[in-house]
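# Close look at the chain arrangement
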Amino acid sequence: MAYQISATKLQAYQRCPYAYYLRYERKLTTNEFFGSAALGTALHQALAQCHRDWHYRHPLPDLRWVHHCWRQHSAGLTASQVSEGLEILENYYHNFIASEVALTQPLAVEGKIQGYLQVENLEFLIVGRYDRLDFLADGLELIDYKSSREAKLPDEMEMDIQIGLYYLALEQTYQQSLKYLSLLFLRTGEKIRFEATEAHKERVQEMISNLAVRLRYDRGWDATPGEQCDRCTFARYCSAVTANPAPLPETHAKSQLQLVLNL
Ligand code: SF4
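## Details of unusual backbone geometry
Of note, Glu120 is a non-glycine position whose phi angle comes to about 55 degrees, a positive value. Residue position: Glu120 is located in the loop between strand 2 (108–119) and strand 3 (122–136). The phi dihedral of Asp218 falls on the positive side, at around 45 degrees, and the residue is not glycine. Topologically, Asp218 is positioned in the loop between helix 7 (198–217) and helix 8 (256–261).

Printed below as a string of structure tokens:
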């Protein structure tokens, strides 16, 4: 069994190895609050159907096709969410479908990313998800739909990790290089493209090697104070920011590495 790694985990590790250790190795729980994502989920599902199930015998669907897809996925929403979602999808249609000569059939929609990497005698399983994967003349374009009200770009380090990790995994699955990772902001109709390069992949490989050494020897989980400390739910255990840190609570969950090594 491989040690599972995702962009979220690797980003957390890069921000602070100690916070990573507490969350993923010691499995201390946090009280993070995740708001309702019902409208976002329905929008993602409707767009997946829109690109996946169009018959592609005609170059472009008309707006009725988008309305049809929305009806299939908006049943559980409130009336205001239904009309808000419809408006977002109509904007999407005008910005990204009606403006094209022909709709291009994607390679996949709502897909899973999976790849493997062997480092320090440990096998890592790379996991992730994407909304749409398009095949371009010179590589692959991975598209993530963003439905939040705030069209905020992730920070550069987080993007670089996501690009590198997906590059690595998609190359194994499709024998094609990732050319772009694109964020498509549904509410504003903006599409931001990030170019993916071999260098992104190499940096992520280095990061995973670094993580592998810490996992294997279970040391070097250094606290790395920074801007993220303000939001860190482990601050009370952390001597880098708290004068008298609380002792770590006992947890009975096994580290994933123990399971991997069958200890
Ligand atoms: S408070 Fe800062 S340094 Fe301490 S664990 Fe959290 S992120 Fe790391």
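## Description of the packing of aromatic side chains
Taken as a whole and judged by the stated rule, the model has 9 aromatic pairs. With a centroid separation of 5.4 Å and an interplanar angle of 25 degrees, the aromatic rings of Tyr21 and Trp221 are classed as stacked. Of the two residues, Tyr21 is situated in helix 2 (residues 17–25) and Trp221 in the loop between helix 7 and helix 8; the sequence distance between them amounts to 200 residues. We note that Tyr21, like Trp221, is buried. With centroids separated by 5.3 Å and ring planes inclined at 45 degrees, the aromatic side chains of Tyr92 and Phe96 adopt a geometry described as tilted. With Tyr92 and Phe96 both in helix 5 (residues 79–97) and 4 residues apart, the pair spans about one turn of that helix. Here Tyr92 falls in the buried class, since its relative accessible area comes to 3%. Members of the aromatic cluster, connected to one another through ring pairs, are Tyr13, Tyr18, Tyr20, Tyr21, Tyr24 and Trp221. Its end group placed over the ring of Tyr180, Arg193 keeps NZ or CZ at 4.0 Å from the ring centre.

## Regarding the pattern of salt bridges
Using the criterion set out here, one finds 13 salt bridges in the structure. A salt bridge links Arg187 to Glu84; the shortest N-O distance between them is 2.6 Å. Here Arg187, found in the loop between strand 5 (178–185) and strand 6 (190–195), pairs with Glu84, found in helix 5; they are 103 residues apart in sequence, far enough to count as distant. Residue Arg187 is classed as partly exposed on the basis of its relative accessible area of 25%. Glu171 is paired through a salt bridge with Lys201; the nearest N and O atoms lie 2.9 Å apart. Linking Glu171 in helix 6 (residues 156–174) with Lys201 in helix 7, this pair joins segments that are 30 residues apart in sequence. Salt bridges linked by common partners bring Asp138, Lys179 and Glu195 together as one network.

## Focus: a negative patch on the surface
A cluster of acidic residues, Asp155, Glu156, Glu227 and Asp230, forms a negative patch at the surface. Assignment of secondary structure puts Asp155 in the loop between strand 4 (139–146) and helix 6. Asp155 sits in the partly exposed class, given a relative accessible area of 40%.

## Side note on the nonpolar core
Counting 48 residues, the largest nonpolar core has Leu10, Tyr20, Phe124, Leu142, Leu178, Ile208 and Leu211 as its most contacted members. Of the residues forming this core, the biggest block, 9 residues, is contributed by helix 6. What Ile208 contacts, discounting residues up to four positions off in sequence, is Ile5, Leu10, Leu117, Val119, Phe124 and Leu165. One finds Leu43, Tyr56, Trp65 and Trp70 within the second-largest nonpolar core, a separate group that totals 24 residues.

## Overview of the pairing of strand 2
The two faces of the sheet receive side chains in turn, since in a regular strand these alternate between them. Strand direction decides the pairing type here: strand 2 and strand 3, joined by 11 bridges, are antiparallel. Looking at strand 3, one finds that Gly115 is bridged to Ile126. In sequence, strand 2 turns back onto strand 3 through a hairpin of 2 residues, with Glu120 there showing a positive phi of about 55 degrees.

## Considerations on the packing of helix 1 (residues 7–15) against helix 2
At a closest axis distance of 5 Å, the pairing of helix 1 and helix 2 adopts a crossing angle of 135 degrees. In terms of their interaxial angle, helix 1 and helix 2 are classed as oblique. Residue-level contacts link Thr8, Lys9, Ala12, Tyr13 and Arg15 of helix 1 to Pro17, Tyr20 and Tyr24 of helix 2.

## Comments concerning the environment of Glu25
Its location among the elements puts Glu25 in helix 2. On the basis of relative accessibility, which here comes to 9%, the residue Glu25 falls in the buried class. Separated by 193 residues in sequence, Glu25 and Asp218 place their C-alpha atoms 9.5 Å apart. A distance of 2.7 Å separates a polar atom in the side chain of Glu25 from a polar atom in the side chain of Tyr3.

Rules behind the numbers
- Residues numbered from 1 in each chain as written.
- Predicted model: local features only at pLDDT ≥ 70, side-chain atom pairs only at ≥ 80, totals over all residues.
- Heavy atoms only, no water.
- Helix = DSSP H or I, 4+ residues; strand = E, 2+ residues; numbered from the N terminus.
- Phe/Tyr/Trp six-rings, centres within 6.5 Å; stacked < 30°, edge-to-face > 60°.
- Buried < 20%, exposed > 50% of the residue type's maximum accessible area, 1.4 Å probe, protein only.
- Lys NZ or Arg CZ within 6 Å of the ring centre and 35° of its normal.
- Salt bridge = Lys/Arg side-chain N within 4 Å of Asp/Glu carboxyl O.
- Patch = residues over 30% accessible without salt bridge, like charges linked within 9 Å, V, L, I, M, F, W, Y side chains within 5 Å.
- Areas by Shrake-Rupley, 256 points an atom, 1.4 Å probe, with all protein chains shown as cover.
- Lys, Arg positive; Asp, Glu negative; His and termini not counted.
- Charge placed at Lys NZ, Arg CZ, Asp CG, Glu CD.
- Core = buried A, V, L, I, M, F, W, Y, C linked by side-chain atoms within 4.5 Å.
- Contact = heavy atoms within 4.5 Å.
- Pairing = 2+ DSSP bridges.
- Axes fitted to C-alpha atoms, helices over the stretch in contact; angles between N-to-C directions.
- Parallel < 35°, antiparallel > 145°, perpendicular 65-115°, else oblique.
- Polar contact = N/O pair within 3.5 Å; in protein donor to acceptor, adjacent residues only side chain to side chain.

In short, shape yes, function no, at least from these values alone.
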